[in-house]
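Observations on chain architecture
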Amino acid sequence: MTAAIGVDVGGTKILAIAVDEEGTEIARVRRPTGWGPDAVGDEIARAVAELESVLGVVLGPPVGIGIPGQIVPDTGVVEHAVNLGIERFGLADAVAARIGRRPVVDNDVRAAALGAAALLPDLFSLAYLNLGTGIAAAVVDETGLRRGPRGAAGEIGHLSVDPAGPPCRCGQRGCIESLAGGGSVAERWGMPAELPVLDVFDAADAGIGAAARIRADVVRGVAAAVQLLILSADVDAVVLGGGVAALGDRLAVPVRERLRATATGSPFLRSLRLEERVTAVPGRAPVGALGAALLARTAHPAAPPTRLAPLANPSSTRESIGHS
């Protein structure tokens, strides 16, 4: 079996999966992310080692990593991953020193876009809109992933769409991220919760005015991002992903309604059928890790595995396919 390993690095946890030749997930591992460059590198290496133990191979499967921050093109260097305690870190070199081979490193949203594209093969192009603590997007079309010469393509969160809107941490007002980003929602709501945006939607449903206003901002922020991506890239669909997108139809339906209403007075916008071009990640699949694995396979299409005996006492952090 020729496997590939994809690692999706989040703010609090790392999800690593192994996929077979068909791109089907065959094993997964979750680990805490850690804080700071060394801790992140260590946890990635541990996740890879655990997956190799499951697969019975080592020094074979190519490894891809999707991580927040700006990736310096062709270097494996991560910059400005502030939620991980990383200002600048040679991640590819650091992981290579730990696992014995150099991984492919890319931005986490771009990796997720590639994973989403693999699960939606009927689309010729898509934009993956990551609705997490912050907001960013990535586009995949017939040419592949769009990165930009500085690796910053898709950083749409700090486009101001309402100069009178809520303040944004970037110094502007009414940025898409200040309207719909999970971090901004949590700050404006001001109540502790595992997923503040879910609390906000529940409270809005219960008739609480402050929550209804925040919910309206989330909807118009996401709708503005969708419209921007379609107008600028003319993608077949915008795929909603990330933690905020876990709201499912509670978010997607009002976003579609907002897009429909926005187009009412414009024959041009109506012709684009914006509301019909919004979709979600199929089955809430781990698109970030899947995309990272596909990046690794593309870069290393023929890495031969070396067999190992499986561990006698599997770690409790290890998971078989179908469990999360």
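Definitions and cut-offs
Starting afresh in each chain, residues are numbered from 1 along the sequence in its written order. A pLDDT threshold of at least 70 governs which residues receive local features in this predicted model, and a stricter bar of 80 or more applies before side-chain atom pairs are shown or counted, although totals over entire chains, interfaces and linings include all residues. To get the side-chain values, take all heavy atoms of the structure and skip hydrogens and water. Should DSSP find at least two bridges between two strands, the strands are regarded as paired. Counting from the N terminus, the helices are the DSSP runs of H or I reaching at least four residues and the strands are the DSSP runs of E reaching at least two. To obtain an axis, a line is fitted to C-alpha atoms, over the contacting stretch when the element is a helix, and the angle between two such axes runs from 0 to 180 degrees between their N-to-C directions. Contacts are assigned to residue pairs with any non-hydrogen atoms lying within 4.5 Å of each other. Throughout this description, any angle smaller than 35 degrees is read as roughly parallel, any larger than 145 degrees as roughly antiparallel, any in the 65 to 115 degree range as roughly perpendicular, and the remainder as oblique. With the far helix as reference, a near helix turned anticlockwise by less than a right angle produces a left-handed crossing, and one turned clockwise produces a right-handed crossing. Note on residue categories: nonpolar means Ala, Val, Leu, Ile, Met, Phe, Trp, Tyr, Cys or Pro, charged means Asp, Glu, Lys or Arg, and polar means any other residue, Gly included.

**Points about the sheet that holds strand β8 (residues 86-90)**
Across the sheet, which stays open at both edges, the three strands sit in the order β6-β7-β8 with antiparallel pairing between neighbours. With one partner strand each, in any of the chains shown, β6 (70-72) and β8 form the two edges of the open sheet. Recorded for the sheet is a direction-independent mean angle of 15° between the axes of neighbouring strands. As paired elements, strand β7 (residues 77-81) and β8 share four bridges and run antiparallel to each other. Paired with Val78 across the bridge in β8 is Phe89.

**Section: the environment of Pro196**
As for its position among the elements, Pro196 is in helix α6 (residues 196-205). For Pro196 and Ala186, which are ten residues apart along the polypeptide, the C-alpha to C-alpha distance reads 5.4 Å. Beyond its immediate sequence surroundings of up to four residues, Pro196 is in contact with Val185, Ala186 and Trp189.

**Some points on the packing of helix α5 (residues 182-189) against helix α7 (residues 209-233)**
Relative orientation of the contacting elements α5 and α7 amounts to 165°, with a least axis distance of 11 Å. Taken as axis vectors, α5 and α7 run roughly antiparallel relative to one another. In the crossing of α5 with α7, the sense of the turn from one axis to the other is right-handed. Side by side, α5 and α7 meet where Val185, Arg188 and Trp189 of the first sit next to Ala211, Ile214, Asp217 and Val218 of the second. The residue makeup of the contact of α5 with α7, split by class, is five nonpolar, no polar and two charged.

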